[in-house]
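Single-letter residue listing:
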Amino acid sequence: MRLHRTCKGYRLAQSGWPGQSRHRRLPGSACQDKWDSPCRTISHLTRLGRKALRHLAGLALALPFILGGAPGTAQAHGGGTPQLVNAPAGPYQVSVWTQPDSIRAGQKLHISVAVSESSNQAETSNLVLDATVHVQLVHLTPTSETLAAFATHENAVNKLFYETDLDVPTEGEWQVLVEVEGPAGAGSADFHMEALPSSASNTLVRRWPLWGGAGLALLAVGWSVYAFRARRNLPSPTTITTLHADRAPAADVHGEP
Amino acid sequence: MDPLLNALLLSWDWRVEVIVILLLTGSVYSRGWWRLRRRGTPSHRLATGWRLAAYLGGLAALGLALISPIDVLGGQLFLMHMIQHLLLVMIAPPLLLIANPLPFFMWGLSVRARRALGQLFNSGSAFRRALRTLTAPGMVWMLFVAFFLGWHDPNAYNAALRSDLIHDLEHVTFFGSSMLYWWQVTGAGPRLRSLSHGVRIAFLLLTVPVNAAAGIAIAFASQPIYTYYTTVPRLLGMSVMQDQMIGGVIMWIPGSMMYLLAALILISGLMRADDNRHSLSEPVWATDEGMVAPGWET
């Protein structure tokens, strides 16, 4: 048994590595130190650290589910497929991108709009940041189903753009109309796009964080079962006499000093 | 403040998955560092302040690359995208690896997890053998160069700008291959093979021409290579060609400087080790045979 005298008169048997002390008080010993007693502070801090780690691991495991289940998370960078590039819209030029690349019925369409002052040279035209941008989707069928939303900086990650999300409910051809109103006046531009029929496999692919999360959770459960079994097969503490607590792991994990 | 500058500075992409990973790795490392620090010498020598600073600096560089306006503006300015790649490939990995993260991670974990992780790297383990085979220096160098050149192909690059998923894949492969690359150079744990200083220096110097050639080709191209940038509004009155030229120069000069700097640090370490070598005592070198033909003793 490896014995420590970490505090006066307190003999400790350590079965883990230091810092992870599983101190057991041996018969006939008593801890005389109080607050600064290593056994007390170490076990307290270790308990706190374990709790924090457990919470963080739980959060990491839950994260894919949260992301996968979150309805309508906006796409990020304002990128996507360019639909209009510097198209004239009254006194402005409008550029529009859509994501995903090809839209299916039932999917969310992310629309990013950039508005700049009309100029002969696109490279020298200034971006207009204080306009109101309205996006309309009109289904080109006799029913002319219409969806509309304001594209704003608040919805955008890139605050130079105006962005919005719209659910495309039906397959077929849609007209996308972008109306801009700003200090220099108002204007509009439009383009057409085709929504493909909905597909079950597409829905499965879109939910990849959910499946990934389920896979991770399964791994975690398997690991816990394995660890539990391994723990049951461990020798009793009295036989762990050859474990040198201070020993580093067998592999050279320290790298270069 | 200028509204454009204000909008640029507010363009942060608060990605939960990135923030959680950075916080998780940062807290496990710090916990392990603190535990080793408390143990006193000789572990005190391992848990130095500069190591903690380097690790946290590496995480900060990753955060800057992945969630700051640098990332968001990478879709509009090629030069910003090049700065982002510099952070992902040449700043964050060496900083994270000179902090020698594995022992600190092990000490930051629970006993059971630590033992399990230790077993993975035991000398007889299949994982260690597989890792050793897969991370042969030549293979790592080729993988690094292949990803570096492959993602700068116009089709791959444009696809990454159009799709967030491909963009993430680009960054994961860049960062992963760079971690493998700098792992060989820094000699951080686990040390599966011991590379001499000479091999490490060659490793670095062989990368310089590849990096410089790619940077020069981009900087001096006569037309836009990455056509996606012709479809986005320009910023700061900078044309697509000016942006492309500056991006190419960033890749060429500061990029190559990082490899040269690392090679110089290794060379100075080599020379210092040579200086510290004990000289032979006189009775050893001043033998009759040695004096007749110095250096020919057997």
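All values derive from a computational prediction rather than experimental measurement. Think of each chain on its own: its residues are numbered from 1, step by step along the sequence as written. Here the convention is simple: chains get letters from A, ligands get numbers from 1, in the order in which they are written. Given that the model is predicted, a residue must reach a pLDDT of at least 70 before its local features are reported, and side-chain atom pairs must reach 80 or more before they are shown or counted; all residues, however, enter totals for whole chains, interfaces and linings. Side-chain measures were taken over the full set of non-hydrogen atoms in the model, leaving aside hydrogen atoms and water.

1. Thoughts on the overall build of chain A
Secondary structure elements are taken from DSSP: a helix is a run of H or I of four residues or more, a strand is a run of E of two residues or more, and numbering for both begins at the N terminus. For chain A, the helix and strand inventory stands at three helices and eleven strands. Reading chain A from its N terminus to its C terminus gives the helix and strand order β-β-β-α-β-β-β-β-β-β-β-β-α-α. For each residue, the accessible area found with a 1.4 Å probe, counting protein chains only, is set against the maximum for its type, and the residue is called buried under 20%, exposed over 50%, and partly exposed in between. When each of the 257 residues of chain A is scored for burial, the buried share is 38%. Across chain A, the fraction of contacts at a sequence separation of at least 24, relative to all contacts at a separation of at least 6, is 53%. In the form shown here, chain A has an accessible surface area of approximately 14,200 Å², with 57% of it arising from carbon and sulfur atoms. What makes two residues a contact is simply this: any of their non-hydrogen atoms within 4.5 Å. Note that accessible areas follow from Shrake-Rupley with a 1.4 Å probe, and for residues the cover is restricted to the protein chains shown.

2. Some words on the side chain of H110 of chain A
The topology assignment puts H110 of chain A in strand β6 (residues 108-117). A 3.5 Å cut-off defines polar contacts: any pair of N or O atoms within that distance qualifies, except that in protein one atom must be a possible hydrogen donor and the other a possible acceptor, and neighbouring residues in sequence count only when both atoms are side-chain atoms. One polar contact links H110 of chain A to E163 of chain A, side chain to side chain, over a distance of 2.7 Å.

3. Comments concerning the confidence of the model for chain B
When pLDDT is averaged along chain B, the result is 89, and 95% of the positions lie at 70 or above. One number per residue, pLDDT, summarises how confident the predictor is, and it ranges from 0 to 100. Taking the mean pLDDT of every element in chain B, the minimum, 69, falls on helix α16 (residues 288-292) of chain B and the maximum, 96, on helix α4 (residues 49-67) of chain B.

4. A short note on the packing of aromatic side chains
All names here are of chain B. Centre distance within 6.5 Å is the pairing criterion for rings of Phe, Tyr and Trp, where only the six-membered ring of Trp is used; planes under 30 degrees apart are then read as stacked, over 60 as edge-to-face, and the remainder as tilted. Enumeration over the complete set of coordinates arrives at 20 aromatic pairs over all chains. Plain terms: the ring middles of F78 and Y229 are 6.0 Å apart, the flat faces sit at 75 degrees to each other, and that makes the pair edge-to-face. Pair noted here: F78 is in helix α6 (residues 78-98) and Y229 is in the loop between α13 (197-219) and α14 (240-275), with a separation of 151 residues, a long-range link. Relative to Y259, the ring of W182 lies with its centre 6.1 Å away and its plane at 5 degrees, an arrangement referred to as stacked. Taken as a pair, W182 in helix α12 (residues 164-186) and Y259 in helix α14 lie far apart in primary sequence, 77 residues in all. Taken as a pair, W182 and Y259 share a single burial class, namely buried. Two conditions define a charge located above a ring, namely a distance within 6 Å from the ring centre to NZ of Lys or CZ of Arg, and an angle within 35 degrees of the ring normal. Lying over the aromatic face of W34, R38 brings its terminal NZ or CZ to 4.7 Å of the ring centre. Between R114 and the ring centre of W107, over which it is positioned, the NZ or CZ distance is 4.5 Å.

5. Considerations on the sheet that holds β6 of chain A
Strand pairing within a sheet occurs via backbone hydrogen bonds; the two strands may be parallel or antiparallel. All names here are of chain A. If you walk across this open sheet you meet the four strands as β4-β5-β6-β9, and the pairing is antiparallel. Edge positions in the sheet fall to β4 (81-89) and β9 (162-167), since each has one partner strand and no second. Here the average twist between neighbouring strands, direction ignored, is 20 degrees. Pairing analysis gives six bridges linking β4 to strand β5 (residues 92-99), with the strands arranged antiparallel. Bridge assignment links T81 to a residue of β5, and that residue is T98. Should DSSP find at least two bridges between two strands, the strands are taken to pair. All axes here are fitted lines through C-alpha atoms, helices being fitted over the stretch that makes contact, and every angle between N-to-C directions spans 0 to 180 degrees.

6. Considering the nonpolar core
One broad trend across soluble globular proteins is that nonpolar side chains are buried collectively. L160 of chain A together with Y181, W182, L204, Y229 and Y259 of chain B are the most contacted members of the largest nonpolar core, which has 79 residues in total. Setting aside residues up to four positions removed in sequence, W182 of chain B forms contacts with V89, M90, P93, P94, L97, L204, M258, Y259 and A262 of chain B. The next biggest cluster of nonpolar side chains, apart from the first, holds 30 residues, and it includes L84, I111, V168 and V176 of chain A. The set of buried Ala, Val, Leu, Ile, Met, Phe, Trp, Tyr and Cys residues whose side-chain atoms join them within 4.5 Å is what this entry labels a nonpolar core.

7. Here's the deal with the sheet that holds strand β10 (residues 172-182) of chain A
Residues and elements named next belong to chain A. Reading across the sheet, the four strands line up as β8-β7-β10-β11 and stay open at both edges, with antiparallel pairing between neighbours. In this open sheet, the two edge strands, each paired with only one partner strand, are β8 (146-151) and β11 (185-195). Averaged over all pairs of adjacent strands, the angle between their axes in this sheet comes to 20 degrees, without regard to strand direction. As defined by bridge partners, strand β7 (residues 132-139) adjoins β10 across eight bridges and the pair is classed as antiparallel. Bridge pairing links H139 to W174 in β10.

8. Concerning a nonpolar patch on the surface
Residues and elements named next belong to chain B. To count toward a patch, a residue needs a relative accessible area above 30% and no salt bridge. Like charges then connect within 9 Å, nonpolar side chains (Val, Leu, Ile, Met, Phe, Trp, Tyr) within 5 Å. Any Lys or Arg side-chain nitrogen located within 4 Å of an Asp or Glu carboxyl oxygen qualifies as a salt bridge. On the surface, L205, M245, I246, V249, I253, M257 and L260 cluster together into a nonpolar patch covering about 560 Å² of accessible area. It is α14 that contributes the most residues to the nonpolar patch, six residues altogether. You can call L205 partly exposed: its relative accessible area is 39%.

9. Focus on the pattern of salt bridges
Inspection of every chain in the model, using the stated rule, returns four salt bridges over all chains. Here K108 of chain A ties to D167 of chain A by a salt bridge, and the two come within 3.3 Å at their closest N and O atoms. You can see K108 of chain A sitting in strand β6 and its partner D167 of chain A sitting in strand β9, a full 59 residues away along the chain. With a shortest N-O distance of 3.0 Å, R15 of chain B and E17 of chain B are connected by a salt bridge. Residues participating in the shared-partner salt-bridge network are R15, E17 and D168 of chain B.

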